[in-house]
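# An overview of the molecular structure
For reference, the chains in residue letters:
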Amino acid sequence: MLPGLPRPLLRGSGAPGDLRRAGRDHHARVVVGDGVAGTATRAHGADRPADPRVQAGIVVTEPEVSHVSENPAAPDPLDLPAGLLADVLSALVLDVPDRALQLLDDAELDAELRVRLRDAVQAAASTAGRAEALGDQLRSRGRWLDPDVIECYRVAFYTGPDWEAQLDNPLFARFAAKRAGLPYDKWPHYFDIYRRTLAPYVGAPVRVLEIGVFHGGGLDQLRALLGPQAVLVGMDVDPAAEAACAGRFDVAVGDQGDPEFLRSVVERFGPFDVIIDDGGHTMAQQITSIECLFPTLNDGGVYLVEDTHTSYWEPFLDADQTFMEWAKARLDDINGYHFRTEAELGVWTASVTAIHVYDSIVVLDKGRHQPPFCEVAGSGSFVYGDRITESVLLSYRASLDTRTQELQQARDFAGAALSDRQQAVDFGLAADELRSQLSAEVEQLRAELAAERERAAEDRARLAAEANLAEAERQRALVSAEIAGKQLEEVRGSASWRLGQRAKRLRRRS
Ligand SMILES: C[S@@+](CC[C@H](N)C(=O)[O-])C[C@H]1O[C@@H](n2cnc3c(N)ncnc32)[C@H](O)[C@@H]1O
């Protein structure tokens, strides 16, 4: 962001180039001229260098009508006696408004201003209200960013409810607790915008690019908010930024107004989900950067441009168009589907899904923005009085009902098939079990049969051997009988046998 109060206020009647350089170097705050309107000229015209976007072949959106006041009215420079405002504010902070009124009465003041400041102190009932009313009065007479005016608003903020309400924001709490190290300044109302914009990326492994790094305070804040998974990369024209972040963050050194450099950063570290432009804040820088980088953002990403109030400050007006004019044109683009022909539609209509415009910050959401269509619920004839629409809608609904029924039937069928299948599976399991039981039994029977067969074979062999033996015995017996027959014949033929036979017969007769 641009520096706040602690930095010295640069006043001068510098040429636009000097003021632009001063604007780029945000270590100092810049006010054009000597506080009187009209001493600075806007930096457009023949002396302006050719637009680098055109040189790089980028389609540059033509400027819309400028609404920038080139010489913001500054009625009177504030000319309060030294120390008066600090004393008045101290009295208010201590809640002694009468003392503040006394101080105003005693001071050497323009009569009309005295009345206005007294009215402010008396108008409100709280310290914060009185300080804010005082700031409003001073602002109506001086420049918007006069340190006295800002001091009133700062007191109002820190004595009012807004400051405590912000404490649950880790970004603000961290900022408020910072009491050492390198200086780091922000407009406090940015913290809420940052938290809201970056909430979807907290804890996610997103890639973030910060344009304008300075000492790395912004990158530190982003690390604290997003967590360790986020890949944080910086870009700065000043090599000192790279040195300041060495060992903590990668920082690409180069000019955000140079499209080639921007592309090289995306190639090296991107594509990014979040891009934050807190760089040089000139119109050409902001517009060149967003036109080059937004199309490379991942869908679902955001592009945040900080300090867009520079669109209203002379030193930063180095293009034909302010950044806010550029952003206003995007408001038309986002509605492009409703009034542009196909040929007129561009990348912004197709890829910007939302634009968030805050005081000093603009956020563009990236995503696929498809052509919208209107849908009807309830009775078409009631909504449009258009029977065709209604009949189309009704037939659509009827076909939807049919499809729903078919779907249900298919589901039922699938459910039944599934349960059949389950049964089959269960049955299959039981059959498997039975099969294995049976095969075990068969195996056992086979074994028993084989043993039985072996035994039978042995018996057969034994019987055969016995039969052989018996046959041999019979043969032997036959041979013996034959021999005995022969011997008998021989005996019968002998005289002794015959005599023996006669003697036997005689004995039987006698
Ligand atoms: C306001 S500071 C950034 C502060 C930082 N974002 C933070 O929150 O702490 C602006 C930075 O932008 C850098 N800058 C200025 N012109 C630039 C350019 N053309 N390209 C890149 N960076 C630039 C400056 O060098 C400076 O460091």
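## Comments concerning the side chain of D273
Tracing the chain through its elements places D273 in the loop between α13 (259-269) and β6 (274-277). Of the side chains with opposite charge, R207 lies nearest to the buried D273, which makes no salt bridge, at 6.4 Å. Looking at D273, its side chain comes within polar contact range of the side chain of N298, at 3.0 Å. Other than its neighbours up to four places away in sequence, D273 contacts Y201, V206, R207, L297, N298, G301 and V302.

## Observations concerning the environment of R139
Assignment of secondary structure puts R139 in helix α6 (residues 127-141). As for R139 and V149, which are separated by 10 residues in sequence, their C-alpha atoms are 5.9 Å apart. A distance of 3.0 Å separates the side chain of R139 from the side chain of Y153, its partner in a polar contact.

## What about helix α4 (residues 97-106)?
Within α4, the full set of buried residues consists of P97, A100, L101, L103 and L104. An end-on view of α4 places all buried positions within 160° of arc, on one side of the element. Set apart from the buried face of α4 by more than 90 degrees, the exposed residues are D98 and D106. Of the surrounding secondary structure, the elements contacted by the buried residues of α4 are α3 (84-93), α5 (111-123) and α6.

## What to know about the environment of Y337
Position of Y337 among the secondary structure elements: in the loop between α15 (323-334) and α16 (347-351). Leave out the neighbours within four places in its chain, and Y337 touches L345, T349, A350, H369, Q370, P371 and P372. A polar contact of 2.7 Å, which involves the side chain of Y337, links it to the backbone oxygen of H369.

## Points about the nonpolar core
Looking at soluble globular proteins, one finds that nonpolar side chains tend to be buried together. Counting residues in each nonpolar core, the largest one holds 37 residues, and the members touching the most others are L209, F272, Y303, F323 and L364. Counting only elements with at least two residues in this core, the list comes to β3 (207-211), β4 (231-236), α13, α14 (283-293), β7 (302-306), α15, β8 (352-358) and β9 (361-366). L364 has contacts with I290, F294, G301, V302, Y303, W326, W348, V352, A354 and I355, leaving out every residue within four places of it along the chain. If you look at the next biggest cluster of nonpolar residues, it comprises 31 residues, including I193, C245, V251 and I276.

## Looking at the packing of helix α9 (residues 170-177) against helix α10 (residues 189-198)
Axis separation between α9 and α10 bottoms out at 8 Å; the angle between their running directions is 145°. Where α9 approaches α10, its residues P170, L171, F172 and F175 are matched on the opposing element by F191, Y194 and R195. Across the contact of α9 with α10, the residue classes tally to six nonpolar, no polar and one charged.

## Quick notes on the packing of aromatic side chains
With the rule as written, the count across this model stands at 11 aromatic pairs. Each ring, one from W313 and one from F316, has its centre 6.2 Å from the other, and the planes form 50°; the classification is tilted. Under the relative-accessibility criterion, W313 is labelled buried at 15%. Using a relative accessible area of 2% as the deciding quantity, one classes F316 as buried. The rings of F157, Y158, W163, F172, F175 and F191 are connected pair by pair, giving a single aromatic cluster. The lysine or arginine in question, R330, covers the ring of W326, its NZ or CZ lying 4.5 Å from the ring centre. Sitting over the ring of F294, K366 keeps its end group 5.7 Å from the ring centre.

About the cut-offs
Residues numbered from 1 in each chain as written. Predicted model: local features only at pLDDT ≥ 70, side-chain atom pairs only at ≥ 80, totals over all residues. Heavy atoms only, no water. Helix = DSSP H or I, 4+ residues; strand = E, 2+ residues; numbered from the N terminus. Buried < 20%, exposed > 50% of the residue type's maximum accessible area, 1.4 Å probe, protein only. Lys, Arg positive; Asp, Glu negative; His and termini not counted. Salt bridge = Lys/Arg side-chain N within 4 Å of Asp/Glu carboxyl O. Polar contact = N/O pair within 3.5 Å; in protein donor to acceptor, adjacent residues only side chain to side chain. Contact = heavy atoms within 4.5 Å. Arc of directions from axis to C-beta. Core = buried A, V, L, I, M, F, W, Y, C linked by side-chain atoms within 4.5 Å. Axes fitted to C-alpha atoms, helices over the stretch in contact; angles between N-to-C directions. Nonpolar A, V, L, I, M, F, W, Y, C, P; charged D, E, K, R; others polar. Phe/Tyr/Trp six-rings, centres within 6.5 Å; stacked < 30°, edge-to-face > 60°. Lys NZ or Arg CZ within 6 Å of the ring centre and 35° of its normal.

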